[in-house]
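Structural characterization, general
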Amino acid sequence: MSSKTPTPHPDAAPPSSAPPEPANAAEGSPEPGTRPGLFRDASLSAVLAGFVAVVVSYSGPLVIVLAAASAGHLNTAQTSSWVWAISIGSGLTCIALSLRTKMPVITAWSTPGAALLVTSLGAYSYAEAIGAFLVTGLVITLVGLTGVFGWLMRQVPTAVVSAMLAGILFSFGTGVFTSLKTAPVIAGSVLLAYLLAKRWLPRYAVLVALAAGVAASAVSSRLDIHLDRIELAKPVLTTPEFSVASLIGIAVPMILATLASQNAPGMAVLTASGYEPKDRLLIGSTGLVSTVLAPFGSHAINLAAITAAICTGPESHRDPKRRYVAGVSCGAFYLLIGAFGSTLVVLFAGLPKELVAAVAGVALLGALAGGLTGAVKEEKDREAALITFLATASGVTLFGIGSAFWGLLFGVIAHFVLTRRRGTPTESAK
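Every chain's residues receive numbers from 1 upward, in the order its sequence appears when written. Totals for whole chains, interfaces and linings use all residues, but because this is a predicted model, local features are given only for residues with pLDDT of at least 70 and pairs of side-chain atoms are given and counted only at 80 or more. Side-chain figures throughout are based on the complete set of non-hydrogen atoms in the structure, without hydrogens or water.

1. Concerning the overall build of the protein chain
We count a stretch as a helix when DSSP gives it H or I for four or more residues in a row; a strand needs E for two or more, and each element gets its number in order from the N terminus. Helix and strand counts for the protein chain come out as 20 helices and two strands. Accessibility here uses a 1.4 Å probe with only protein chains present; expressed as a share of the type maximum, an area under 20% marks a residue as buried, one over 50% as exposed, and anything in between as partly exposed. Residue burial in the protein chain is summarised as follows: out of 430 residues, 52% are buried. Contacts are assigned to residue pairs with any non-hydrogen atoms lying within 4.5 Å of each other. Of the contacts formed within the protein chain by residues at least 6 apart in sequence, a portion of 83% connects residues at least 24 apart. Computed with a 1.4 Å probe, the accessible areas rest on the Shrake-Rupley method; for each residue, only the protein chains presented here act as cover. When the accessible surface of the protein chain is split by element, carbon and sulfur atoms take 66% of a total near 19100 Å².

The following block contains the structure:
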């Protein structure tokens, strides 16, 4: 089946530019001469975008995984295997799906799923948790391959999707400035360097900002990196056990949280950036990889949203067709770190949180601008989009499901109520 190449994102070219080029190649099999190879497409900005995405992943969400491992009383070998499994799973899916679709497909482990495990993992044996992870992967695979998930996503108005994206990224944009309060030198250096580079070296603005932030952190004695030794990870295979209690307590909420709070926003990021993601391929593949790696500790691999926005925007590359390199780059860094288990994680844990917040914030400015633009483009959809944006940006969590899902739900309801056709006076009088 043929698929279209991604159309340019609205912020990649002025409104008066020519319309997007039509699709001219089968998915994964480009016509000779129409699409250069990976190395010819590669750029420093795209590779850097992938690196920044990995830095954000290991500096934040991984801490939740480690907290869950501690709450579940996992030993060092089991924890290292868990980190290995989610890293390898994320790396393989990033590389394979980005190369297959020529889109910057960014995957990661389920953050809300890990948060769920912080409070629930200790109530079950590790083998029962592994069984729940296995069932989670199987169900998500089936939901993806059947197309049910994609059908639901296609019913959502574009403005609502864009507003949800903007709501997700809002806190990261403000994070640049809230970091000024606790680390003014670090955050200020990142912001100033980004603005200057954006004026003179726009393609390398994030790289310059990252370098300036690291330098400022070193000068401020805020870098806390200690590597005692580097050793390869040793995966631990655990035979799964199944119980009704663990399936209800872990698998069911994990499935809902992963689909609603991770895969839905992940699809939205790609769509809002002008791509046409194939839900069966993406959701089905990540679910399958989750299933295969579950016995080694992987709780769930899914599409990423925040880190994906770093790689799908113009800062990755001005040409949307060449941004897939960022996905390949992200996957390669995942594999590198995953191969060493938790050893190299200290490199990211040692970075000041203000540095990570500031760099992520400036890297996401383009994606945030694109989301806001798409949200208000059509006047008839603006109010529903505003409701979506506010609900998502609020960060509210209901029934263990994050604000991205609720923003999407409230936005769709508002759109339906505000735009549903009413009968004409003549029809009403009949």
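2. Quick look at the state of the cysteines
The disulfide definition used here is simple: a pair of cysteine sulfur atoms within 2.5 Å. A full pass over the atoms with the stated rule returns zero disulfides. Take cysteine 94: it sits in no disulfide, and the sulfur closest to it among the cysteines is that of cysteine 330, at 4.2 Å. Judged by relative accessible area, which is 0%, cysteine 330 ranks as buried.

3. Quick notes on the nonpolar core
Within the largest apolar cluster, 109 residues are counted, with the highest numbers of intra-cluster contacts made by Val52, Trp82, Leu117, Phe133, Leu169, Ile250 and Tyr334. Top contributing element to this core by residue count: helix H11 (residues 244–272), with eleven residues. Contacts of leucine 169, omitting those with residues within four sequence positions, involve Ile306, Ala309, Leu364, Ala367 and Leu368. In terms of nonpolar packing, the next biggest core, distinct from the first, is built from five residues, Ala85, Ile88, Ala233 and Leu293 among them. We define a nonpolar core as any set of buried Ala, Val, Leu, Ile, Met, Phe, Trp, Tyr and Cys residues linked to one another through side-chain atoms lying within 4.5 Å.

4. Some remarks on unusual backbone geometry
Here the phi dihedral of histidine 73 falls at roughly 60°; this positive angle occurs in a residue that is not glycine. Take histidine 73: it is sitting in the loop between helix H3 (61–71) and helix H4 (76–101). Phi is positive for lysine 102, close to 60°, though the residue is something other than glycine.

5. Observations concerning H4
The terminal C-alpha atoms of H4 lie 37 Å apart, and with 26 residues this matches the ideal 38 Å at 1.5 Å per residue to within 8%. Most of H4 is tucked away: 19 of the 26 residues are buried. For H4, the N-terminal capping position is held by asparagine 75, with its side-chain oxygen 3.2 Å away from the main-chain nitrogen of alanine 77. To estimate the expected span of a helix, count its residues, drop one, and scale the result by 1.5 Å. Counting of polar contacts relies on pairs of N or O atoms within 3.5 Å, with two restrictions inside protein: one atom must be capable of donating a hydrogen and the other of accepting it, and residues adjacent in sequence are counted only when both atoms are side-chain atoms.

6. Observations regarding the pattern of salt bridges
Oppositely charged side chains can pair when the atoms bearing their charge come close. When a carboxyl oxygen of Asp or Glu is within 4 Å of a side-chain nitrogen of Lys or Arg, the pair counts as a salt bridge. In the structure shown here, the tally under the stated rule is four salt bridges. Here glutamate 315 and lysine 198 are joined by a salt bridge, their closest N and O atoms 3.2 Å apart. A residue pair is termed long-range when its members are at least 10 positions apart, and glutamate 315 in the loop between helix H13 (306–312) and helix H14 (324–339) and lysine 198 in helix H9 (residues 184–200) qualify at 117 residues. On the basis of relative accessibility, which here comes to 9%, the residue glutamate 315 falls in the buried class. With its nearest N and O atoms 3.3 Å apart, the salt bridge here joins aspartate 381 to lysine 380. Overall, aspartate 381 belongs to the buried group, its relative accessible area being 6%.

7. Some points on a nonpolar patch on the surface
In this scheme, patches are assembled from residues that exceed 30% relative accessible area and form no salt bridge. Like charges are connected within 9 Å, while nonpolar side chains (Val, Leu, Ile, Met, Phe, Trp, Tyr) are connected within 5 Å. Among the surface-exposed residues, Ile387, Val396, Leu398, Phe399, Leu409, Phe410, Ile413, Phe416, Val417 and Leu418 lie close enough to one another that they form a single nonpolar patch of about 930 Å² accessible area. Looking at the nonpolar patch, the element that brings in the most residues is helix H19 (residues 403–419), giving six residues. For leucine 398, the location among the structural elements is in the loop between helix H18 (382–394) and H19.

8. Here's the deal with the packing of aromatic side chains
The relative placement of two aromatic rings is captured by the distance of their centres and the angle of their planes. Here the aromatic set is Phe, Tyr and Trp, taking the six-membered ring for Trp, and pairing holds for ring centres within 6.5 Å; pairs whose planes are under 30 degrees apart are stacked, those over 60 apart are edge-to-face, and all others are tilted. Under the definition given, this model contains eight aromatic pairs. Taken together, the ring pairs connect Tyr58, Trp109 and Tyr334 into an aromatic cluster. Note that arginine 199 overlies the ring of tryptophan 200, its terminal NZ or CZ placed 4.4 Å from the centroid. By definition, being over a ring means that NZ of Lys or CZ of Arg is both within 6 Å of the ring centre and within 35 degrees of the ring normal.

9. Structural notes on the side chain of threonine 107
Take threonine 107: it is sitting in strand E1 (residues 107–109). For threonine 107, the side chain forms a polar contact with the main-chain oxygen of serine 90, separated by 3.0 Å. A distance of 2.6 Å separates a polar atom in the side chain of threonine 107 from a polar atom in the side chain of threonine 93. Excluding residues that lie within four positions of it along the chain, threonine 107 makes contacts with Ser90, Thr93, Cys94, Thr286, Ile301, Asn302, Leu303, Ala304 and Tyr334.

10. Remarks on the environment of lysine 321
Looking at the secondary structure, you find lysine 321 in the loop between H13 and H14. Residue classification places lysine 321 among the partly exposed positions, given a relative accessible area of 25%. When the C-alpha atoms of lysine 321 and lysine 102 are compared, they prove to be 6.9 Å apart, with 219 residues separating the residues in sequence.

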